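Architecture at a glance
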Amino acid sequence: MTIRGLTKTFGAVDALKDVSLEVKPGEFLAVLGPSGCGKTTLLRMIAGFETVSFGEIEIEGEVVSRPGYEVPPNRRRIGIVFQNYALWPHMSVAENIGYSLKVAKIAAGERKRRIEEALSVVSLSGMGDRSPGSLSGGQRQRVALARCLVAEPALVLFDEPLANLDVHLRASMEDEFAAFHKRTGTTVVYITHDQAEAMALADRIAVMDHGRIMQLAAPQTIYHEPANEMVARFISHGMVIPVTMRTSERNGTCEADILGQPITLRCSTGEAPRSGAVVCCRAEDVRPAKDNEPGFDGTIKRVVYQGGVARIDFAPAAAPDLNIHFVQPDPQPFAAGDSARLCFTGGWLIPENTQTGNSA
Amino acid sequence: MGVSAPEGQGQRMALTAMVVAVIVVFSLMPMLRLLQEIVLPGGHFSLAAVGKGLGDPVVWRATMNSLVVGLGGTALALVLGVLVAFIVGLTDIRMTQALVLCFVTPLMIAPQVTALAWLQLFGPSSALLHLFGIAPPLGTPNPLYSAGGIMALLGIQYSPLVFLVVRAGMRRLPRELVEAAKASGAGPFRVAGTIILPLMTPVIVGAAALTFVSCVGNFGIPAFLGIPANYLVLPTLIFQRLAGGGPAVLSDVAFLSVIIGVIAMAGIFLQDFYSRRRDFRITTASLPPEPYALGRWRLPLELSMIALIAVILVLPICGLLMTSLVRGYGVMLTTDTITLDNYRFILFEHAASRRAFLNSFSLSIAVAIFAVFVAVPVGYVIAWGKARWIKWLSVSVELPYALPGVVLAIASLLLFLKPLPVLGVQLYNTVWIILFAYLARFLVLSVRPTVNAYAQIDRSLEEAAEVAGARLFTRLRTIVFPLVAPAAIAGGILVFMTALSELTVSALLWSSGAETLGVVIFSFEQGGDSKYASALSAVVVAITFLMMLGVNLFARKLPSGVLPWRD
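Residues numbered from 1 in each chain as written. Chains lettered and ligands numbered in written order. Predicted model: local features only at pLDDT ≥ 70, side-chain atom pairs only at ≥ 80, totals over all residues. Heavy atoms only, no water.

**Observations regarding the overall build of chain B**
What chain B contains, in helices and strands, is 23 helices and zero strands. Relative to the compact-globule value of 24 Å for 567 residues, chain B shows a C-alpha radius of gyration of 25 Å, a close match. When its C-alpha atoms are laid out on the principal axes, chain B stretches across 80 × 70 × 50 Å. Taking all 567 residues of chain B together, the buried fraction comes to 54%. As displayed, chain B offers around 24300 Å² of accessible surface, 69% of which is attributable to carbon and sulfur atoms. (Helix = DSSP H or I, 4+ residues; strand = E, 2+ residues; numbered from the N terminus. Rg over C-alpha atoms; globule rule 2.2 N^0.38 Å. Buried < 20%, exposed > 50% of the residue type's maximum accessible area, 1.4 Å probe, protein only. Areas by Shrake-Rupley, 256 points an atom, 1.4 Å probe, with all protein chains shown as cover.)

Below you can see the structure in the form of structure tokens.
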């Protein structure tokens, strides 16, 4: 599937602005973003439930949406797994799964075989005669999965499918989705606001904010090399801290001063000293400084014990408004109000002035 | 705390006592009195009235007729109502607001006015047919004077009822269920047939039961179309017997009214049973489905909707207006013969007609005001009460309206035939007995939207006032009433409009000097004065329509779902 310059306006509001992306056959793409970022609108436009204002959508080489031309959803060969499952309450499990086959006028025998097959793929064999209402949340989600894979769609869309499940079920359904994807090799676009889900499942993640794609890259790249401040802050509560650059890039690193501490930072090719540079540091890039080690002083603001480790919030004396946080394993040496000296062990220099980035 | 708790308790008990008193007086008492007349006449157990009724072939025929026209009318109303609800709810047809307003209007017009209007349209004296020179010759019977005519008009009268119920149900249909079917490759007709229709089945069955009860209990249409053809249904049989025999036959007609009540209850229970068996309740909150784009079919469909409105609303109203403007039976309507004499006659000359205006307006205003002020506490107890018996309470409020009006009229007659004990006041043969019956019958029309409004209000608004120290009555006055007042007042307006041209109850309860508009229209038509009946009906329709439009101006301030004619 390819999306080119997709824009959607609702009245005066731009829900999507110039979104372009390409999903390779068999790829698992997660679209990740805070609520209201436009990810659901994107999914509904791919499915054909919303018209496009500008740009176009292409599925399997055929343009399905462009302004003034829309292939209706029922002729797009897509499958959708909805957040609320959307199982038809007046049909049995087997009827739910077989609906698209019936629509496609598949003969009854063949239909039965494929329903059985789909049921066994989601480990629900023998449950075909049950009504959706008698199933647990996880089972319903699996029926929804079977319903969409039985039609062998070109593209499967997941609309926050785990948001309604409890934590334990979520983990096991994640495994199930991953196994489903591996087994069937279907192309998947997976909408979520949960980073852990996206990281665990996706080949690539598209981070969205305010209707734009902020970064489209593999999970590791998103985490370690955020393309801009938004991605840096959004993923795992990254810290964004001003730095003074001292050298240009060489072999993917450069030298800089961060809160007075000299440090070697990872950076992209061609970086040269500039004003206003910022760095993205993760919690694991911070630790208490040893004696005589370069670092920076400040005050412990808060110690939140999380079992085995504590998350510690720290205000550096040089810039008290910055919140530095890190994870301290037991035993806990700090209490709120203590003075301490910390140091950074690394960081990623955020590239200059880019609003969107494709570093795949 | 120690001091205020008993006081708060006292106010709560006073409120509950008041609500219970209203329900006992207006709902339970009439029904119990009716039952007593059937099995315990004069205080002794006897089934004589039942035996006499069961042995009467006329009663059997009327019962059969009631079932036949009830089922026929329901079937027609279902087809029409569901079709329009699907078109309005699922397609991108334009002008839905105006369409809904026009389609729902027949429901707001009294049945006898609908009947009269259609009679004017089709009869040998039809001014409209004369205009085109295709009127049947004078002396031939009107084709609507038949079972088929009654069914057709019942269907048209109550198809808006089906429409409103199904439309409301479709708004609760989560769009994901439709979208999942689209993604499975289903086209529009298959989605409608295999997903939406089955999901709407309980709603449609509910609408069918409601419509069936309304059809069986309808008096106006079979009175205007059936009596001339001697095709009697139970309500018209009761009317004829009571008109001929007076209070002496009250015990016999009480049994007839119980038959109607039983048929109506059977419909309600059937629906309840069916909806329990197939519970398709959809719990998730979601948006309704996106409308289907009709493309080049949009204009033809819109035109056929306009044609439908023309047939079921505009043409009969035209027939009514034209008859009201001619000098006499069978006279052609030309620029020479057009006259406003009929209007002058009914507005200024005819004494009973002038009295009827006064009576109907006073009754309707009194009932509407009462309904608004009772609906607030009753709604409070029903919507926010916690006790188990509350459910029964809401059922008993619905009872006098759910059961056909004839049943309530007979019950009121039985209650007030003798002067009130202790007080010695005579209500029978006065306008007060009509007032009592109206209060009992129409109360629920304002309670329903008020309960609906309570459900949309966050209870914590009242709890905040409670924490601030306000006692129950203070809270009701300063917090609750302002919040639910719009819905209660809209309900009161519905009560007013319904009571203004009401016929079923007043046809059995009226007396000389206590005529209502409905009764006067009916008397004119029975006496062969269609032109006066039409003129009076035209005035009533005009008032109704103006009120609908007037209330529409304030619709934005009302909670959703209060005004039936607003989409």
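**Quick word on the interface of chain A and chain B**
Opposite the 20 residues of chain A that make contact, chain B presents 21 residues. A buried area of about 1900 Å², summed over both sides, lies between chain A and chain B, and 62% of it is on carbon and sulfur atoms. Of all residues in chain A, A:N74, A:H90 and A:Y99 give up the largest surface area on contact with chain B, accounting jointly for 28% of the area buried on that side. The tally of links between chain A and chain B comes to one salt bridge. With its nearest N and O atoms 2.7 Å apart, the salt bridge here joins A:R44 to B:E179. (Contact = heavy atoms within 4.5 Å. Buried area = accessible area lost by both parts, 1.4 Å probe. Salt bridge = Lys/Arg side-chain N within 4 Å of Asp/Glu carboxyl O.)

**Regarding the sheet that holds strand β10 (residues 204-209) of chain A**
Residues and elements named next belong to chain A. As summarised here, the arrangement of the six strands in space is β7-β8-β9-β3-β10-β11, forming an open sheet in which the pairing is mixed. The sheet terminates laterally at β7 (78-81) and β11 (212-217), the two strands that pair on one side only. Between one strand axis and the next, the sheet turns by 20° as a mean value, whatever way the strands run. Direction of pairing for β7 relative to strand β8 (residues 155-159): parallel, over a ladder of four bridges. In the strand pairing of β8, I78 is matched with L155. Contacts from helix α1 (residues 39-47) reach β3 (28-32), β7, β8, β9 (187-192) and β10, with the element oriented near 150° to β8. (Pairing = 2+ DSSP bridges. Axes fitted to C-alpha atoms, helices over the stretch in contact; angles between N-to-C directions.)

**Observations regarding the environment of B:Q526**
All names here are of chain B. Tracing the sequence through the fold places Q526 in helix α22 (residues 517-526). Here Q526 falls in the partly exposed class, since its relative accessible area comes to 47%. Each C-alpha atom, one on Q526 and one on D458, is 53 Å from the other, the two residues being 68 residues apart in sequence.

**Focus: the environment of B:T544**
Residue and element names in this part refer to chain B. Relative to the elements of secondary structure, T544 occurs in helix α23 (residues 530-552). Each C-alpha atom of the pair T544 and P137 lies 34 Å from the other, and the pair is 407 residues apart in sequence. Excluding residues within four positions of it along the chain, T544 makes contact with M108 and M497.

**Comments concerning the pairing of β3(A)**
Residues and elements named next belong to chain A. β3 sits mainly inside the fold: five of its five residues count as buried. Residues F28, A30 and L32 line one face of β3 and the alternating positions L29 and V31 line the opposite face, and both faces are buried. Pairing analysis gives five bridges linking β3 to β9, with the strands arranged parallel. Counterpart to A30 in the pairing with β9 is Y190. The pairing of β3 with β10 spans four bridges and is parallel. Within the sheet, the bridge partner assigned to A30 lies in β10 and is I205.

**Structural notes on the nonpolar core**
The biggest cluster of nonpolar side chains holds 227 residues, and the ones touching the most others in it are A:M1, B:I410 and B:W565. Not counting chain neighbours up to four residues away, the residues in contact with B:W565 comprise B:Q97, B:V100, B:L101, B:V104, B:M108, B:L494, B:M497, B:M548, B:V551 and B:N552. (Core = buried A, V, L, I, M, F, W, Y, C linked by side-chain atoms within 4.5 Å.)

**Focus on helix α14 (residues 341-349) of chain B**
Taken together, the buried positions of α14(B) are occupied by B:N342, B:Y343, B:F345 and B:I346. Projected down its long axis, α14(B) shows its buried positions confined to an angular sector of 160°, all on one face. (Arc of directions from axis to C-beta.)

**Side note on the sheet that holds strand β18 (residues 296-305) of chain A**
Residue and element names in this part refer to chain A. Taken in spatial order, the five strands line up as β17-β21-β18-β19-β20 in an open sheet, and their pairing is antiparallel. Of all strands in the sheet, those with a lone pairing partner are β17 (286-288) and β20 (324-329), marking the two edges. Within the sheet, the average angular offset between the axes of one strand and its neighbour, ignoring direction, is 50°. Sheet topology places strand β19 (residues 309-316) next to β20; six bridges connect them, and they run antiparallel. Opposite F314, over in β20, you have I324 as the bridge partner.

**Here's the deal with the packing of aromatic side chains**
Scanning the entire structure with this criterion turns up 26 aromatic pairs over all chains. Ring centres of B:F524 and B:Y532 lie 5.4 Å apart, and the angle between their planes is 55°; this geometry places the pair in the tilted category. The class of B:F524 is buried, set by a relative accessible area of 6%. Owing to a relative accessible area of 15%, B:Y532 belongs among the buried residues under this scheme. One aromatic cluster is present, built from ring pairs that chain together A:F28, A:F158, A:F177, A:F180 and A:Y190. A:R66 extends its terminal NZ or CZ atom over the ring of A:Y69, reaching a point 5.0 Å from the ring centre. Above the plane of the ring of A:W88 lies A:R147, whose end atom (NZ or CZ) is 4.4 Å from the centre. (Phe/Tyr/Trp six-rings, centres within 6.5 Å; stacked < 30°, edge-to-face > 60°. Lys NZ or Arg CZ within 6 Å of the ring centre and 35° of its normal.)

**Points about helix α2 (residues 93-103) of chain A**
Extensive coverage of α2(A) is indicated by the burial of eight of its eleven residues. Listed in full, the buried residues belonging to α2(A) are A:V93, A:N96, A:I97, A:G98, A:Y99, A:S100, A:L101 and A:V103. Next to the buried residues of α2(A) lie α3 (108-121) and α4 (137-149) of chain A together with α8 (175-183) and α9 (188-217) of chain B. Backbone geometry just after α2(A) places A:K105 at a positive phi near 60°.

**Thoughts on the confidence of the model for chain A**
Here chain A averages 89 in pLDDT, while 98% of its residues score no lower than 70. For the stretch residues 355-360 of chain A, pLDDT sits under 50, and the model shows 18 contacts to residues farther than four places along the chain or on other chains. (pLDDT = per-residue confidence, 0-100.)

**Focus: the pattern of salt bridges**
On inspection of all chains with the given rule, the structure shows 29 salt bridges over all chains. Here A:E70 and A:R76 are joined by a salt bridge, their closest N and O atoms 3.2 Å apart. In this structure A:E70 comes out as partly exposed when scored by relative accessible area, which is 25%. Exposure remark for A:R76: the relative accessible area of 3% places this residue in the buried category. Note that B:E302 is salt-bridged to B:R94, the shortest N-O span being 2.9 Å. Linking B:E302 in helix α13 (residues 298-324) with B:R94 in the loop between α3 (57-90) and α4 (96-108), this pair joins segments that are 208 residues apart in sequence. Take B:R94: its relative accessible area is 41%, and that puts it in the partly exposed class.

**So, the confidence of the model for chain B**
Residues and elements named next belong to chain B. Chain-level statistics for chain B give a pLDDT mean of 83 and a share of 93% at 70 or above. When the elements of chain B are averaged for pLDDT, helix α6 (residues 127-132) gives the smallest value, 69, and α3 the largest, 93. The low-confidence segment residues 1-5, where pLDDT is below 50, has one contact with residues more than four positions distant or belonging to other chains. Predicted as a complex, the structure gets a pTM of 0.80 and an ipTM equal to 0.74.

**What about the environment of B:G73?**
All names here are of chain B. For G73, the location among the structural elements is in helix α3. Sequence spacing of G73 and P400 is 327 residues, and the spatial spacing of their C-alpha atoms is 22 Å. Excluding its chain neighbours within four sequence positions, the residues that come into contact with G73 are M151, L154, G155 and C215.

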